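These are the residues of each chain, in order.
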Amino acid sequence: MIALPGLNLGAQAPEPLNAPTTSATRTQELSANTEYRFEVSFARSLTIKLVTGTAEYFGTELAPATTYTFSGAKGAVFTWHGCRLEIGGEAESEYVAEETQMMSAANAHFALEALRERAHQMRDAGPRVLVVGPENAGKTSLVKTLAAYAVKSGQQPTVVNLDPRQGMLSVPGSFTAAAFSSILDIEEGWGSSPISGPSPTPVKMPLVYHYGLRDAEEGTVFRPLVTRMALAVTSRLEDDPASKSAGFVIDTPGAVAQGRAGVYENIEHIISEFSVTTILVLGSERLYSDLSRKYSNSADAIAVIRLDKSGGCVDRSDTYMKALRHAQIRAYFFGNSEAGLAPHSQSAGFEELSIFRVKEECAGSDMQFNDGGDAYGGAAEDTIYERVTPSSEIVNKLLAITTAAPTEGHAAIRDASVRGYLYVAEVDEGKKRVKLLAPQPGRVPSTAVVCGRWPEDVASLVG
Amino acid sequence: MSSISDEVAADFKDALQDLKVNSRPEISNLTLIAKENTEHAQAISTVLENHIRTARPEWRLPSLYVLDSIVKNIGTPYTVYLGRGLYKTFMEAYSKVDQPTRKAMEGLLRTWKQPVPESMDSRPVFPLEMTSDIENALNKMRSVQAQMQSQRQVHALPARPVIAAAWRNTPTPPQNGAQFGVPVDPRARQVPGQQFEQYPQPTPTPDQFGQLMGSVDLNELKEEVGKLIATTQQAFALNYSDPSLQQKLNALLQLKRMLDTQTLPPQQLEAVRNQIRALAPPPAPTPVQMPAFVAPPIVQTPQQPPTLTFQPPAAAAPMNLAQMLANFQSPPAVTNPSPAPAPAAPNLADLIARMTTPQSSAPNPAPFYPPSFPGPSASTPVPAPAPAATPVVAPPNNLAQLLSSFNKPSAAPPAAPTPPPFNPALPPHIPNLSQLLAHAQPMGPAPPPPNNASWLLNALSGLPNAGTPSIATPIGSESMTRQSSAPVNVQNDVELTTASMKQPRLHLISRLYDAKPNICTTCGRRFDATPQGREKKARHMDWHFKMKDPDAAKRGVHRSWYFTEKEWIEYREVDETAPDDTANGPSGAAGRVKKQAKDRYVLVPQDVTLAHAPCPICQEKFEPQWSKDANDFVWMDAIKVGGKIYHATCWEEYSKGAGIATPSTPDSVLGKRTAETSTPASGKKLRAY
């Protein structure tokens, strides 16, 4: 990635490769209220260009005559008015669906929009929406669509991602929140967090916490982090009128929707911490009925709404999800193909790093939650993490650079927001040095870094 | 009240009772009495109001003239006392009197909105809010009447002759209008009832229709739905690419499911059935379209306009609706009831175009006569307002009136057709077609979005959903009461309920598209078609331009650190379309510095060593670049610090870490294009996107 003037090979190289596929384009006519669904593998790319009409990709409108390239995506281009698309490249599968759930999504948006308008007039807080549902029910797509429509309507919605399996504006395993004032990036899903150079779509400013576990049910970190996130988001909304009236939408992992015997502790926790006003349940009848029984008639009247799962929701295999996560991590360091980023390789001595890792027992069970708020209390404070010396165990893992000092309590480290991520490329136990990939040049931070058990190792990110 | 008051009031009452014709001297006399007894104004007002309310209809107008004379010649305190009950007084009288009297009353009402002639006082006779209340009520009556007529046409639609016969053959029921002549204040969510005393021949009222219609046989209805589904499926099989058909089919299936699984109240059933009728491909030519183009309502006569013959059966259903809609605005042919049938518009677009064509003709105050339901005589074209001609005399501008009555109640056309009979007690809050039309109205003069067929379908298939009592079309008599309860905010009524999420509301989609027609071709962001919108777009395009930095990749762009919690909370999003001087929180500077850093430049140094020296931080060479602003070759993103030239971004990164303040470079502020630096006003001048 050395940038030499005139040697702009990095940018040019992919094009000849793509050329044969993109040169043969085909035309796809879509009649009104239909969508073109496609799956494209990570190895290939699919280009879509809107020729006539209007079309949108999860709520974000396609610009006319602009070619969008998708790779490793399962998506759908929907049209309200009918359109003609020019499609190039190879898709794993593609078809036109006439039955879509876009009307529901649009209705949900307009219902929320009415609340936002009211909130704006009253200078009150806007709708606080929680989207729940099983895996692969289209939660993130719905959240994206709602956010995109809200942005399109001139709102500034905040989106909170509590799903560690896929990142939003950051790597998987992180929890993020961001206010969206500019359009979502169609190719990248959400957009990009700030980079040091220009970005083709306006960058989004995420607040990032490190979760580092696979499932919400796994450990003692989830709920305290939800609390922390809720605190930050609420504080932001309190001070930011534009965000306040627009409210927020929370995306959740499918795992929280499983519950135990009709009790959804994590969902209930999210609802109470974020003071959720509207719950959108995707797909699951049972979850809907359980939640509406609990919340519809309660004094604070939370609207529980069931939306049908879109026929376009496909089960994403573990392999695909893994590839998706790798792509997200790669994009964090290297950017997407369009805007290449130059991460910085450096090495650090063992003593320079204060690495913490969630303890096995904390990660493995949630015993502590069963006996009340112990996990929040002092007793559990310093039992969350263990200090690790770099070893081959942490190779190929991500380290979250927190804002907390290594000397601070474990709760403080857990609740600290993340400045960025490091990737452990190599550990030389003999020389006691670690080779790291950092997003930008500079000294290795002296703050506490947390090594996650999730996402899974990403081999060969470097070299 | 003192005894003197009572006395004066009694005298006044006596005098009033003698007033039976519009006699100027008598009215002047009464006015004089009122003027001389202003201290008893309250008593006199009460007497007058009571008299207007209770007198025989034909004597009411003179008493109203007394009221008029009093308020205009005396003014306060009579305006105050009479103003309180004005609504009730007026509306009760209005509901009882005949058509010419109504016109006269409307004339009065108009004058009340204006100042007293030749008066120094510029205020209207009665405060505008009083008169506008009445105006609103009158408008509602008018629109209800318009609806009545369209319903009647729907009713007359012999979609299923078997069932239709059940009521079509019913002899005209005996008049029982007096039973529901109880006037009710519409602000209490109901509409004044009315007696048709002036009509010698008793005629059925919607109430009776309602009763008849109320006995909807669920099984028959299901059967009808089933048949309709079958036909639609056939049509769909023939033409499977038609989304509107598919949508219709979906809606029908949904409806069927609902009918199978749920018990609906009779009104809803009735509404559903009428809906189905309207949708059903007609076995006989559709009479629905007749009134729009031909003078009399020829119900089921073979002399149909030829238009029907070229309607493919598949498209029949949406067509019918369109025609219904077309009826709403009654093309000019109607005002001149001639039997010459205007050729029916063959396609929807035409109809829509008609609908949206502004009607220049003045509203025709055609008297409304409840139809003697379709007897054979109905097939005779009668130009005179004979009872048989009812559906024909749909007042022109009906649609416009409907819409205006919702959007701008006080500005409705003054001349009013006779309001139809009302059915006082029916459930409110069921949206109807006029409401839907009104919903569409805010979009501009052409309500239907591009996708006409589906919009229409949408308008008609806001199917009754479980949980929400919502039926989309004006059907049966209940639609009339809905008028009065129609929400004023017709823009966005989506409720947060599961059922509501499934209703198609394509008319709202235009808020995402047509509302902001000005699209950025680079990223698809939309802007308003206002000067502000254009200005924003200009800045937005400038932003795009700046972001297309070909050298960005060479400089080694990297991911920035995320915000800390505190920074994030204090951060305010920066809209690239906002003027550049948007203040942001303390940390917002971080986001902006980035922008500024790469705008910094130095002129390419003359010194050879310096010109070949790389950036001391990243060791990369600088790229000379022509700068239009500097009119010279420059190094962009460069900064001169202590005799060395650094990349501005590198320096910034370094200095931030080291805590050194970035020196301000006086010559470094450019690279910005016009709209960016200029005030909004000048930006507008320069670019017109």
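Residues numbered from 1 in each chain as written. Chains lettered and ligands numbered in written order. Predicted model: local features only at pLDDT ≥ 70, side-chain atom pairs only at ≥ 80, totals over all residues. Heavy atoms only, no water.

The name an unreviewed UniProt entry assigns to chain B is CID domain-containing protein, from the organism Paraphaeosphaeria minitans.

As recorded by an unreviewed UniProt entry, chain A carries the name Polynucleotide 5'-hydroxyl-kinase GRC3 and is attributed to Paraphaeosphaeria minitans. Looking at chain A in UniProt, the text filed under Subunit (unreviewed entry) is "Component of a pre-mRNA cleavage factor complex. Interacts directly with PCF11." Taken from UniProt, the Subcellular location (unreviewed entry) comment for chain A reads in full: "Nucleus". (UniProt positions renumbered as here; feature names shortened; annotations may be inferred.)

On to the pairing of strand S10 (residues 128–132) of chain A. Residue and element names in this part refer to chain A. Here S10 lies mainly inside the structure; five of its five residues are buried. Both faces of S10 are covered, namely the face carrying Arg128, Leu130 and Val132 and the face carrying Val129 and Val131. Alignment of S10 against strand S14 (residues 248–251), held across four bridges, turns out to be parallel. Within S14, the position partnered with Leu130 by the bridge is Ile250. Here S10 pairs with strand S15 (residues 278–282) via four bridges, running parallel. (Buried < 20%, exposed > 50% of the residue type's maximum accessible area, 1.4 Å probe, protein only. Helix = DSSP H or I, 4+ residues; strand = E, 2+ residues; numbered from the N terminus. Pairing = 2+ DSSP bridges.)

With that out of the way, let us pick up the interface of chain B and chain A. Taken residue by residue, the interface counts 69 residues in chain B and 95 residues in chain A. Taken together, the two surfaces of chain B and chain A that pack against each other cover about 6,900 Å², and 59% of this comes from carbon and sulfur. Where chain B touches chain A, the interface holds four salt bridges. Across the pair Glu573(B) and Arg236(A) runs a salt bridge, and its minimum N-O distance is 3.3 Å. Applying the counting criterion to the chain B and chain A interface returns 28 residue pairs in polar contact (both at pLDDT 80 or more). (Contact = heavy atoms within 4.5 Å. Buried area = accessible area lost by both parts, 1.4 Å probe. Salt bridge = Lys/Arg side-chain N within 4 Å of Asp/Glu carboxyl O. Polar contact = N/O pair within 3.5 Å; in protein donor to acceptor, adjacent residues only side chain to side chain.)

A separate point is the side chain of Arg223(A). Relative to the assigned elements, Arg223(A) resides in helix H5 (residues 222–239). Within the local environment of Arg223(A), its side chain forms a polar contact with the side chain of Glu265(A), the two groups lying 3.3 Å apart.

This next bit is on the confidence of the model for chain A. Summing up the model confidence of chain A, the mean pLDDT is 85 and the portion of residues at 70 or higher is 88%. Scored below 50 in pLDDT, residues 364–379 of chain A shows 24 contacts in the model against residues more than four places distant or in partner chains. (pLDDT = per-residue confidence, 0-100.)

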